[in-house]
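Listed here are the chains, written in short residue letters.
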Amino acid sequence: ATLWALRLLPAVVVITLMTTTPASVALLNQWLGRERLTRKFWLGLAACLVGTVLTLNPLDKQLNLSPLGLLAVLLAILSSTVYRTRLETVTQEVSPTLVSTYIFLINGLASALFLWPWIRPIEVSAYPIGLWVGAAAALANVAFLSALKELGSTNVSLFNLLQRPLVLVAAALILQEPLSWLQGLGMGLVLLGVKWAQLPARGR
């Protein structure tokens, strides 16, 4: 759904709307009786939303909104919300490593089943990078599921908002891409917002 949305909407719109995912996760967890949301949480989340918009340099973009694109973003948010909250429940009962193994197994089988007619022979030179990417993805997924178990899906969703500032910092340091003062302000708001919005780890 996210890739579909990116084909129909500007990236600035998709990323901004996806920033609301922690809100939907938090509301579902509150409905399930897992969380008790405070004014500080909502203030922090609002700071993250404003900060994310600023990091995208919205003044430089011309926005064309597609109804189908907005529907795709909504579906992406809903599916991500259900995925995270459901996996938080599962990881309380099953090891994150085992859960991750089954996820990769199911994804692999589903991909082979539906995409097999279009898969071309893989060149030998592609195996090293494929193995490296696969191992990195597996470790990242185990870390993600472990975080869901220990911190809860709401806090993990908040921490995911740090990706945009980290990418900007990496681009500035490695690729020498300039940062505008608006982007710097946005990064600061995201960092502050994540700190404000964090909820206590349950059971601790």
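Below, the structure is looked at part by part. (Residues numbered from 1 in each chain as written. Predicted model: local features only at pLDDT ≥ 70, side-chain atom pairs only at ≥ 80, totals over all residues. Heavy atoms only, no water.)

## Structural notes on the overall build of the protein chain
(1) Moving on: Helices and strands together make up the secondary structure of the protein chain, namely 10 helices and zero strands.
(2) Moving on: Listing every helix and strand of the protein chain by position from the N terminus yields α-α-α-α-α-α-α-α-α-α.
(3) Moving on: By residue count, 33% of the 204 residues in the protein chain fall in the buried class.
(4) Moving on: Of the roughly 12,900 Å² that the protein chain leaves accessible, carbon and sulfur atoms contribute 70%.
(5) Moving on: One finds the centroid of the 14 positive side-chain charges in the protein chain at a distance of 7 Å from the centroid of its 7 negative side-chain charges. (Helix = DSSP H or I, 4+ residues; strand = E, 2+ residues; numbered from the N terminus. Buried < 20%, exposed > 50% of the residue type's maximum accessible area, 1.4 Å probe, protein only. Areas by Shrake-Rupley, 256 points an atom, 1.4 Å probe, with all protein chains shown as cover. Lys, Arg positive; Asp, Glu negative; His and termini not counted. Charge placed at Lys NZ, Arg CZ, Asp CG, Glu CD.)

## Notes on the nonpolar core
Nonpolar side chains in soluble globular proteins generally cluster together in the buried interior.
(1) Moving on: Of all hydrophobic cores here, the largest spans 12 residues; its members are A23, A26, L37, F41, L45, C48, L158, L161, V190, V194, A197 and L199.
(2) Moving on: Listing elements by their share of this core, those giving two or more residues are α3 (21-31), α4 (39-55) and α10 (181-197).
(3) Moving on: With residues near it in sequence (within four places) discarded, A23 still touches W42 and L45. (Core = buried A, V, L, I, M, F, W, Y, C linked by side-chain atoms within 4.5 Å. Contact = heavy atoms within 4.5 Å.)

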